[in-house]
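For reference, the chains in residue letters:
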Amino acid sequence: AWLAPAPHRLNSGLPVNIGVLFVPQQEAWVVERMGKFHRILEPGLNFLIPLLDRIRYVQSLKEIVINVPEQSAVTLDNVTLQIDGVLYLRVMDPYKASYGVEDPEYAVTQLAQTTMRSELGKLSLDRVFRERESLNASIVDAINQASDCWGIRCLRYEIKDIHVPPRVKESMQMQVEAERRKRATVLESEGTRESAINVAEGQKQAQILASEAEKAEQINKAAGEANAMLVKARAKAEAIQLLAAALAQQHGNAAASLSVAEQYVSAFSKLAKDSNTVLLPANTGDITNMVAQAMGIYTTLTKPQAVKTQDKIPPAREDPQPPPTEVLKAEEGSSS
């Protein structure tokens, strides 16, 4: 009942020889003449001799699908499995398929079952699930080696279902859960490590950038201060030159006296605003005396410059020294 519909091999289902026969496509009719193999009818119109020729076998040349019934097999690690499959066959030689074996489909099915048991006995339970394709290829090779003399070729073999005992299934589920927890733990640790590395790299880069920014700021600040000092020095030099030029002009001393008096009055007016204790001269209110004193200091400072300018003028020619005899006489007189 578990076999697929097989080609018509029973005498009751065979065509009757009426002399003229039409053979369908993808079928091969095996003819016997007086009980001996005569020939194989090709698809199309064929003529036979009634009573002498008899159609003994009808072989289908189409691909045949056979369900391999569920069977038990023991793996290499002593685990009992319930496994079934599907077998795909094709008749390659109608003569061998008719006279080489009594029931080729049944023979191939039994061969597939025994080969499956032997191949599963070479593999552990884990490898059975991982190497299903190699297992199918091994079964196909074993079937083709044995069915070559039967005129049948196994095209494919596919495992449909693999049933595991309940306890083994529970242990497999626990193993899968443990493996998943392991992977999750490993991934979480790798994520933590990557996060710590990224944070450390970020802090390192931030410190480097901060130090570089501070260095650049100090360089810029120093350059700015240097430029400011140069500008101030140049401005002060220009101011001094302008002040000197102004003082050299006519009424320069009067202008200097006015400026000193204004600065003195401004400084004296700020004394009452600050809480600092200072020592003042007795004649603080005498502005005229203070201005005269300031002008005296200014005149004193300007005298050395006049002396230096006079030193640059070549001195006048001095009188010639007296002759040595007169010098000697003068020395003798002084000594006496």
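Refer to the structure printed above.
Since the structure is predicted, the reported quantities are computational estimates derived from the model, not experimental observations. (Residues numbered from 1 in each chain as written. Predicted model: local features only at pLDDT ≥ 70, side-chain atom pairs only at ≥ 80, totals over all residues. Heavy atoms only, no water.)

Peer 1: I keep staring at helix α4 (residues 132-147) and nothing clicks. Help me out?
Peer 2: Because the α-helix completes a turn every 3.6 residues, residues three or four places apart line up on one side. The end-to-end C-alpha separation of α4 is 22 Å, in line with the 22 Å expected for 16 residues at 1.5 Å each. Listing the buried residues of α4 in full gives Leu135, Asn136, Ile139, Val140, Ile143, Asn144 and Ser147. Buried residues along α4 cover an arc of 165° about the axis, so they all sit on one side. Taken together, the buried residues of α4 touch β7 (80-91), α2 (104-120) and β8 (152-163). (Helix = DSSP H or I, 4+ residues; strand = E, 2+ residues; numbered from the N terminus. Expected span 1.5 Å × (residues − 1). Buried < 20%, exposed > 50% of the residue type's maximum accessible area, 1.4 Å probe, protein only. Arc of directions from axis to C-beta. Contact = heavy atoms within 4.5 Å.)

Peer 1: How do you make sense of the side chain of glutamine 113 when you look at a structure like this?
Peer 2: Within the fold, glutamine 113 resides in helix α2. A relative accessible area of 8% places glutamine 113 in the buried class. Not counting residues up to four positions away in its chain, the partners in contact with glutamine 113 are Val68, Pro69 and Gln71.

Peer 1: Which parts of the structure should I look at to understand the pattern of salt bridges?
Peer 2: Applying the stated rule across the entire model yields seven salt bridges. Close ionic contact of arginine 33 with aspartate 53 constitutes a salt bridge, the shortest N to O distance being 2.6 Å. Of this pair, arginine 33 sits in strand β2 (residues 27-33) while aspartate 53 sits in strand β5 (residues 53-60), placing them 20 residues apart in sequence. The salt bridge partner of lysine 122 is glutamate 119, with a shortest N-O separation of 3.8 Å. Within the structure, one salt-bridge network assembled from shared partners comprises Glu63, Arg90 and Arg156. (Salt bridge = Lys/Arg side-chain N within 4 Å of Asp/Glu carboxyl O.)

Peer 1: How should a nonpolar patch on the surface be read in this particular structure?
Peer 2: A surface patch of nonpolar side chains, amounting to about 430 Å² of accessible area, comprises Val20, Phe22, Leu45 and Phe47. If you list the elements that add at least two residues to the nonpolar patch, you get β1 (20-23) and β4 (44-47). Structurally, the position occupied by valine 20 is in strand β1. The class of valine 20 is partly exposed, set by a relative accessible area of 34%. (Patch = residues over 30% accessible without salt bridge, like charges linked within 9 Å, V, L, I, M, F, W, Y side chains within 5 Å. Areas by Shrake-Rupley, 256 points an atom, 1.4 Å probe, with all protein chains shown as cover.)

Peer 1: Sorry, what's going on with the packing of aromatic side chains here?
Peer 2: The geometry of an aromatic ring pair comes down to the distance between the two centres and the angle between the two planes. Under the definition given, this model contains four aromatic pairs. Aromatic side chains phenylalanine 37 and tyrosine 95 sit 4.9 Å apart centroid to centroid with 65° between the ring planes, which places their arrangement in the edge-to-face category. Of this pair, phenylalanine 37 sits in strand β3 (residues 36-41) while tyrosine 95 sits in helix α1 (residues 94-99); the two residues are 58 residues apart in sequence, bridging distant segments of the chain. Taking the centre distance of 5.1 Å and the plane angle of 45° together, the rings of tyrosine 95 and tyrosine 99 count as tilted. Of this pair, tyrosine 95 and tyrosine 99 both sit in helix α1, four residues apart, which is roughly one turn of that helix. (Phe/Tyr/Trp six-rings, centres within 6.5 Å; stacked < 30°, edge-to-face > 60°.)

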